[in-house]
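The chain contents come next:
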Amino acid sequence: GAGPAGLACALIMANLRGCDVHVFERRKDPSKADLNQAFVYNIDARGRKVLELIDHEDGELMDDIESRSVPAGGKLMLKVATPDGTITPSEVTFRSKRTKSLWLPRQALVDALLNAVKRAPRIALH
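Just so we're clear, the structure is a prediction, and the values are computed from it rather than from any experiment.

**Section: the overall build of the protein chain**
And then number 1: Secondary structure summary: the protein chain contains 4 helices and 7 strands in total.
And then number 2: When the helices and strands of the protein chain are placed in sequence order, the string is α-β-β-α-α-β-β-β-β-α-β.
And then number 3: Restricting the contact set of the protein chain to residue pairs at least 6 apart, pairs at least 24 apart contribute 67%.
And then number 4: Carbon and sulfur atoms make up 53% of the accessible area of the protein chain, which amounts to about 8,100 Å² in all.

Right, dumping it as structure tokens:
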């Protein structure tokens, strides 16, 4: 699938192992998500190492992810949905002693990985 794990795996197989990879996604457009459902990911030092490994060629993936993320100690605006269906904006400050952590919404990570997949000639997205 074209979620974070599937896209990262496709990039590893194509970029590091030289495989031709086909990613099958049930949604018509994986860049479209339900904006009222949010998952915020924390990419710590280990996650950054994996992404840097995947991104060994041009550095564009990490640049894209960093441009979409909030560093530890930064602030992020989220939409919070309550049980009655009300959606309100909320500012969240991320605190961490680990300065290498990046926080970003799941869809931002998917979009950055999709951009990397589109640049990879050995990966086909279906």
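**Re the confidence of the model for the protein chain**
And then number 1: Across the protein chain, the average pLDDT comes to 85, with 86% of residues at 70 or higher.
And then number 2: Across the protein chain, strand 1 (residues 21–23) holds the top mean pLDDT of 97, while strand 4 (residues 75–81) sits lowest at 74.

**Concerning the pattern of salt bridges**
And then number 1: The full count for this structure, using the stated rule, is 6 salt bridges.
And then number 2: Asp64 is the salt-bridge partner of Arg68, the closest N and O atoms lying 2.7 Å from each other. Within this pair, Arg68 and its partner Asp64 are both found in helix 3 (residues 60–68), separated by 4 residues, close to a single helical turn.
And then number 3: Taken together, the salt bridges that share partners define one network made up of Asp64, Arg68 and Asp111.

**Describing helix 1 (residues 4–16)**
And then number 1: With 13 residues, helix 1 ought to run about 18 Å at 1.5 Å a step, and its terminal C-alpha atoms sit 17 Å apart, in line with that.
And then number 2: Restricting attention to buried positions, one finds in helix 1 the residues Pro4, Leu7, Ala8, Ala10, Leu11 and Ala14. The buried residues of helix 1 occupy an angular sector of 160° when the element is viewed end-on, so they sit on one face.
And then number 3: Tucked inside the fold, the buried residues of helix 1 contact strand 1, strand 2 (40–43), helix 2 (45–54), helix 4 (106–119) and strand 7 (123–125).
And then number 4: The positive-phi residue at the C-terminal boundary of helix 1 is Gly18, with phi of around 75°.

**What to know about the environment of Arg27**
And then number 1: For Arg27, the location among the structural elements is in the loop between strand 1 and strand 2.
And then number 2: Arg27 sits 26 residues away from Gly1 along the chain, and the two C-alpha atoms are 9.1 Å apart.
And then number 3: Contact partners of Arg27, with chain neighbours within four places excluded, come to Ala2 and Lys32.
And then number 4: A polar contact of 3.0 Å, which involves the side chain of Arg27, links it to the side chain of Glu25.

Procedures and definitions
- Residues numbered from 1 in each chain as written.
- Predicted model: local features only at pLDDT ≥ 70, side-chain atom pairs only at ≥ 80, totals over all residues.
- Heavy atoms only, no water.
- Helix = DSSP H or I, 4+ residues; strand = E, 2+ residues; numbered from the N terminus.
- Contact = heavy atoms within 4.5 Å.
- Areas by Shrake-Rupley, 256 points an atom, 1.4 Å probe, with all protein chains shown as cover.
- pLDDT = per-residue confidence, 0-100.
- Salt bridge = Lys/Arg side-chain N within 4 Å of Asp/Glu carboxyl O.
- Expected span 1.5 Å × (residues − 1).
- Buried < 20%, exposed > 50% of the residue type's maximum accessible area, 1.4 Å probe, protein only.
- Arc of directions from axis to C-beta.
- Polar contact = N/O pair within 3.5 Å; in protein donor to acceptor, adjacent residues only side chain to side chain.

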